[in-house]
Amino acid sequence: MADVGDEAVRATCNDASMCKWYAVQRGYWTDPYICLLVQQRAERKTPEINRGYYARVRGMWELLTAFLHKAGTECQVIGLGAGFDTTFWRLKDQNLLPRKYFEIDFPTITARKLSIIRSKQQLANPLLETHSSGNLNLADRSDLDTDRYALVGADLREPAIVEEKLRRCGLNPKLPTVLLAECVLVYMAPSQSCQLLRWAADTFQTALFLSYEQVNLGDRFGQVMIENLRQRHCFLAGAMVCHSFKTQVKRYLDSNWPQANALDMRDVYRRLPKDDVKRIEALEFLDEGELLQQLLQHYCISWAWKDQAGIGLDSVNFDGRPPDLL
């Protein structure tokens, strides 16, 4: 991608964080940390956007915590293109921290995040509490390595450099590992995303890859989404892989993952805990139900897994049963 495209992709980090912050303010879910990382006031978002982000955050959380309950604490989490994500801190609050939590993003993003961590005790203290030496080395501009958390500045299109930096921070390929990607692969050319997926499949013995991104981009609504982003110089280099569920799953299978599945966000929304869905639907009146369905239809959660350790990753999904494979 050209540099202007990279800058536009980096800007999506701010957009997503502000949308999450606004939804948290409205009561869709609890996150006391997102407000510390967002550097500007979030504009009002429509109920459709808020419910879409609720489904995104809750859906990824359901699969992540299902993995953690299978793997126990002796595992690793790797956030790819993590931006200003707060999952590490929320997992700590729930006593669900893995052996180590890694976050990777462009160095310009990790530098900003590290600067905020330095200035906010609510973010720095949990890192200190899980670090044996009692003090953090904050000398590096964009990277941080503690006992339980690592922040790594790297370009995901260069898996060899990513691996080198992760190993320096204590990455253990033998531990069960879950990799998280929210609207990350879609900004990479298919050859680049396949290279990243293949690296993950070949590196870890037992692993789950979770991805949230666009799907069904071949129809009129999908084309409008692509054009709107293009006008902001934000190009979906991986749009071809987001054509359908089958293309999403095929990318995993072609990248050495033995099993994979995908659901659009309409199906994810229907499978979320009904009591909580009822609660959030009472927060705001939804005038454009059809628009919400269109939005949900054009995003999906896909996941792939390999389970050499036999910890039961085939039952990590939204109802606890082995999935019907596509």
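Residues numbered from 1 in each chain as written. Predicted model: local features only at pLDDT ≥ 70, side-chain atom pairs only at ≥ 80, totals over all residues. Heavy atoms only, no water.

Engineer: Is there a simple way to explain the pairing of strand E2 (residues 100-105) in this structure?
Structural biologist: Looking along a regular strand, one sees side chains alternate from face to face of the sheet. Judged by how many residues are buried, E2 sits mostly within the fold: 6 of 6 residues are covered. Alternating positions in E2 separate into two faces, Lys100, Phe102 and Ile104 on one and Tyr101, Glu103 and Asp105 on the other, with burial throughout. Assessed by its sense of winding, the connection that carries the chain from strand E1 (residues 76-80) through helix H4 (residues 87-93) to E2 is right-handed. Where E2 lies against strand E4 (residues 149-153), 5 bridges are found, and the strand directions are parallel. Residue tyrosine 101 lies in a different strand from E4, and its bridge partner there is tyrosine 149. (Buried < 20%, exposed > 50% of the residue type's maximum accessible area, 1.4 Å probe, protein only. Helix = DSSP H or I, 4+ residues; strand = E, 2+ residues; numbered from the N terminus. Right-handed = clockwise from strand over helix to strand, strands pointing away. Pairing = 2+ DSSP bridges.)

Engineer: When you look at the side chain of glutamate 48 in this model, what are you seeing that I'm missing?
Structural biologist: Within the secondary structure, glutamate 48 sits in helix H3 (residues 47-71). Sequence-distant contacts of glutamate 48, that is, excluding residues within four places in its chain, are made with Leu286, Asp287, Glu288, Leu291, Leu292 and Leu295. (Contact = heavy atoms within 4.5 Å.)

Engineer: Sorry if this is basic, but what is going on with the nonpolar core here?
Structural biologist: Buried together is how nonpolar side chains tend to be arranged in soluble globular proteins. In terms of nonpolar packing, the biggest core is built from 82 residues, with Tyr149, Ile301 and Trp303 touching the most fellow members. Of the residues forming this core, the biggest block, 11 residues, is contributed by H3. Other than its neighbours up to four places away in sequence, tyrosine 149 contacts Phe88, Trp89, Lys100, Tyr101, Glu103, Lys113, Ile117, Leu127 and Leu144. Counting residues in each nonpolar core, the second largest holds 31 residues, with Leu166, Ala181, Met188 and Phe209 among its members. (Core = buried A, V, L, I, M, F, W, Y, C linked by side-chain atoms within 4.5 Å.)

Engineer: Hey, could you run me through the packing of aromatic side chains in this one?
Structural biologist: Any two aromatic rings considered together are summarised by their centre-to-centre distance and by the angle between their planes. This structure, assessed with the given rule, holds 10 aromatic pairs. An angle of 75° between the planes, with centres 6.0 Å apart, marks the rings of phenylalanine 88 and tyrosine 101 as edge-to-face. One end of the pair, phenylalanine 88, is in helix H4; the other, tyrosine 101, is in strand E2, and 13 residues separate them in sequence. Of the two residues, phenylalanine 88 and tyrosine 101, neither departs from the other in class, the shared state being buried. A centroid spacing of 6.0 Å and a plane angle of 85° characterise the contact between tryptophan 303 and phenylalanine 318, whose relative ring orientation is edge-to-face. Linking tryptophan 303 in strand E8 (residues 299-307) with phenylalanine 318 in the segment after E8, this pair joins segments that are 15 residues apart in sequence. In this pair, the class of tryptophan 303 matches that of phenylalanine 318, namely buried. Each residue in the set Tyr33, Phe88, Trp89, Tyr101 and Tyr149 is aromatic and connected to the rest through ring pairs, giving one cluster. (Phe/Tyr/Trp six-rings, centres within 6.5 Å; stacked < 30°, edge-to-face > 60°.)

Engineer: Please clarify how the sheet that holds E8 should be interpreted in this entry.
Structural biologist: Note on sheets: strands pair through backbone hydrogen bonds, and any given pair is parallel or antiparallel. Pairing within the open sheet is mixed, and its 8 strands lie in the order E3-E4-E2-E1-E5-E6-E8-E7. Every other strand in the sheet has two partners, leaving strand E3 (144-145) and strand E7 (259-264) as the edge strands with one partner each.

Engineer: Would you mind going over the confidence of the model for the protein with me for this structure?
Structural biologist: Segments scoring low in pLDDT should not have their predicted coordinates read at a detailed level. Overall, the prediction assigns the protein a mean pLDDT of 92, with 94% of residues at 70 or greater. Long-range and interchain partners of residues 322-326, a stretch whose pLDDT sits below 50, account for 16 contacts in this model, where long-range means more than four residues apart. (pLDDT = per-residue confidence, 0-100.)

Engineer: Looking at this structure, I do not really get the environment of arginine 168. What am I missing?
Structural biologist: Inspection of the secondary structure assignment puts arginine 168 in helix H7 (residues 159-168). A residue is classified by how much of its surface remains accessible, and arginine 168, at 59% relative accessible area, is exposed. Sequence separation between arginine 168 and aspartate 145 is 23 residues; the distance between their C-alpha atoms is 8.9 Å.

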